[in-house]
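Chain and residue survey
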Amino acid sequence: MTERLLVCGLGSGMDHSLAELRSPRRELVVVTDTPTDRARAAADILLVCDPTDSTAVLAQLSAAGIDRSDGVFSLGADNPPVISALAHRFGCPGLPLETALDCTLKDRRLAILRDAGLDLPRFASAESVEEALRAVAEVGLPAVIKPSDQTGSLGVMKVESPEAVRARAAEALRLSPVGRIVVEEFLEGTEHTLAAFMVDGKLHRFGFADREYGRKEEFAPYFFEGGDTLPSRLTAEQIEEVTDTVRRGARALRLDPAVINTDILRTRDGRVVLLEITCRLTGARIATEVMRLATGVDPLPNVVRLALGQPLELSELRPTRSGAAVQRFLPADGGVVEWVGNPRDVARRVGVHDVFWGIELAPGIVVPPYRGGADPLAGVIAYADEPAEAEAIAERTLRALPLRFKASAE
């Protein structure tokens, strides 16, 4: 019988990986709200709906006559509860729904990690502006306000004064479907991405990157993440310390078996703080392309094995190369497009893996001011022998983008 894989949700740019999942013995069903040309070309069956809405997804599958799936997963989309619901519906391997919710809803996740004794920012949750005021008083300033149930930094804001709390809390509450926000202590340090599989109590790390936050507060109160860099500047001992923290977090949340994505902060005094941990593949092409360019490790075959309930092939998680790779983003921050060309013309440069627009661009399109959580204006993935060289290639590429905005005086 033909193996049927259900991919529900494509994170930003993750449609690049769909072609790798094709096989003569496999039927690929893709559910997405962004039906790109790549998705249409790779999928045997393409269904268009919101991949974060389990009711809508199940309705679409039923209408298409899909009554069987051998495995289900997402490609970097932050929808673990939907993946769990679909796995249960089709009898596929997968985490329980409650476990998926525990690692998706920020207030629930933080409470579990706190009870397990992990080092966390001070935090409190709120369901109203008045509760947010009390939460900020408890946590202290500066603080970070974020919707409990949103992803991609949407609605995440820094608050530095009591006067700013009301407006920030109201905006975050408006963006939260469940009407709940989290107030966290603001901590400073370096941030890192760790990607791994957790199976039978063992954490198998296959990627570790430094997050680029050189322009983090340029668009205050919103945060801007500039990309990722491999290899890390941390020492091997420091990376192992971070890995141990992630392992403890995964065990506390019962993420086993699971593919794991994390956001870790290492403070200036050496604290290792687990900011985010969830049961999905690292998105934005980081795990599948950026990490792979640096290490040679392709996690996708093992993602499929996990979804099918098969053993991991651990030999495929060992690095086969030692290079440098970076992804860098250019923020979309207002303006009217006057002229736009094809970024593929820039991609022909040595060391450029890909360069792309993050949003639809055409003459006359109005780009809104940066408000956090949105797709970038553009991005580039570059590689070289050393990180500094890869960073320089990325910076030169972004400066050469074929894009011109109208003069502000017009």
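Residues numbered from 1 in each chain as written. Predicted model: local features only at pLDDT ≥ 70, side-chain atom pairs only at ≥ 80, totals over all residues. Heavy atoms only, no water.

Once that is clear, we can look at the layout of surface pockets. Where empty space is left becomes clear once a probe the size of a water molecule has been rolled over the atoms. Estimates place the volume of the second largest pocket at around 340 Å³. Taken together, 15 residues form the lining of the second largest pocket, with R205, G207, F208, T295 and P319 sitting closest to its centre. When residues of the lining of the second largest pocket are traced back to their parent elements, those giving at least two are β10 (202-212) and α9 (286-295). A breakdown of the residues in the lining of the second largest pocket according to their chemical character gives eight nonpolar, five polar and two charged. (1 Å grid on protein atoms, 1.4 Å probe; cavity = no way out; pocket = protein on both sides within 12 Å on 5 of 7 lines; lining within 4 Å. Points joined across faces, edges and corners; volume = space filled by probe spheres on them. Helix = DSSP H or I, 4+ residues; strand = E, 2+ residues; numbered from the N terminus. Nonpolar A, V, L, I, M, F, W, Y, C, P; charged D, E, K, R; others polar.)

Here we take up the packing of helix α2 (residues 54-63) against helix α3 (residues 80-90). Between α2 and α3, whose axes approach to 10 Å, the crossing angle comes to 40°. On the basis of their axis angle, the class for α2 and α3 is oblique. You can see that α2 and α3 cross each other, and the crossing is right-handed. Every residue of α3 that contacts α2 at S54, V57, L58 and L61 is listed here: V82, A85, L86, R89 and F90. (Axes fitted to C-alpha atoms, helices over the stretch in contact; angles between N-to-C directions. Parallel < 35°, antiparallel > 145°, perpendicular 65-115°, else oblique. Left-handed = near helix turned anticlockwise from the far one by under 90°. Contact = heavy atoms within 4.5 Å.)

As a working rule, side chains carrying opposite charge can pair if their charged atoms are close by. On inspection of all chains with the given rule, the structure shows 34 salt bridges. Where E289 meets R285, a salt bridge forms, and the shortest distance between an N and an O atom there is 2.7 Å. The two residues E289 and R285 agree in class, both being buried. The partner of R305 in a salt bridge is E316, and the shortest N-O contact between them spans 3.0 Å. Of the two residues, R305 is situated in helix α10 (residues 300-308) and E316 in the loop between α10 and β14 (324-330); the sequence distance between them amounts to eleven residues. Each member of the salt-bridge network shares a partner with another, and the members are E98, D102, R108 and R254. (Salt bridge = Lys/Arg side-chain N within 4 Å of Asp/Glu carboxyl O. Buried < 20%, exposed > 50% of the residue type's maximum accessible area, 1.4 Å probe, protein only.)

What follows concerns the UniProt feature "domain: ATP-grasp" (unreviewed entry) in the protein. Under the feature "domain: ATP-grasp" (unreviewed entry), the UniProt entry names residues 110-308. Along residues 110-308, the helical share is 34% and the strand share 30%, with 30 Å between the first and last C-alpha atoms. (UniProt positions renumbered as here; feature names shortened; annotations may be inferred.)

We now examine the environment of A294. Note that A294 resides in helix α9. For the pair A294 and T320, spaced 26 residues apart in the sequence, the C-alpha separation amounts to 9.1 Å. Discounting residues that sit within four places of it in the chain, A294 has contacts with L230, R321, S322, G323, A324 and A325.

Pairing is antiparallel across the open sheet formed by eight strands, whose spatial order is β13-β12-β9-β10-β11-β14-β18-β16. With partners counted over all chains shown, the strands left at the sheet margins are β13 (272-278) and β16 (352-357), one partner each. For this sheet, the mean inter-axis angle between neighbouring strands, taken without regard to orientation, is 25°. Two strands pair when backbone bridges link them, and β14 and strand β18 (residues 378-384) are joined in this way by seven bridges, in the antiparallel orientation. Bridging from a neighbouring strand, L330 pairs with A378 of β18. Contacts from helix α11 (residues 387-399) reach β11 (227-230), β14, β16 and β18, with the element oriented near 145° to β18. (Pairing = 2+ DSSP bridges.)

According to the stated counting rule, one finds one cavity of 30 Å³ or more in the structure shown. Of the volumes computed, that of the largest cavity is approximately 310 Å³. Those elements giving two or more residues to the lining of the largest cavity turn out to be β4 (71-75), α3, β12 (258-267) and α10. Examining the composition of the lining of the largest cavity, we find that four residues originate from one element, α3, more than from any other. Classifying every residue of the lining of the largest cavity by side-chain character gives 16 nonpolar, four polar and one charged.

Quick look at the packing of aromatic side chains now. What describes a pair of aromatic rings is the distance from one ring centre to the other and the angle between the planes of the rings. In the structure shown here, the tally under the stated rule is five aromatic pairs. Ring geometry for F197 versus F206: centroids 5.2 Å apart, planes at 40°, classification tilted. A relative accessible area of 0% places F197 in the buried class. Look at F219 and Y370: their rings are 4.8 Å apart centre to centre, the planes differ by 40°, and that puts the pair in the tilted class. Of this pair, F219 sits in the loop between β10 and β11 while Y370 sits in the loop between β17 (366-367) and β18, and the two are 151 residues apart along the sequence. Pair check on accessibility: F219 and Y370 agree, each one buried. Members of the aromatic cluster, each reached through a chain of ring pairs, are F219, F224 and Y370. (Phe/Tyr/Trp six-rings, centres within 6.5 Å; stacked < 30°, edge-to-face > 60°.)

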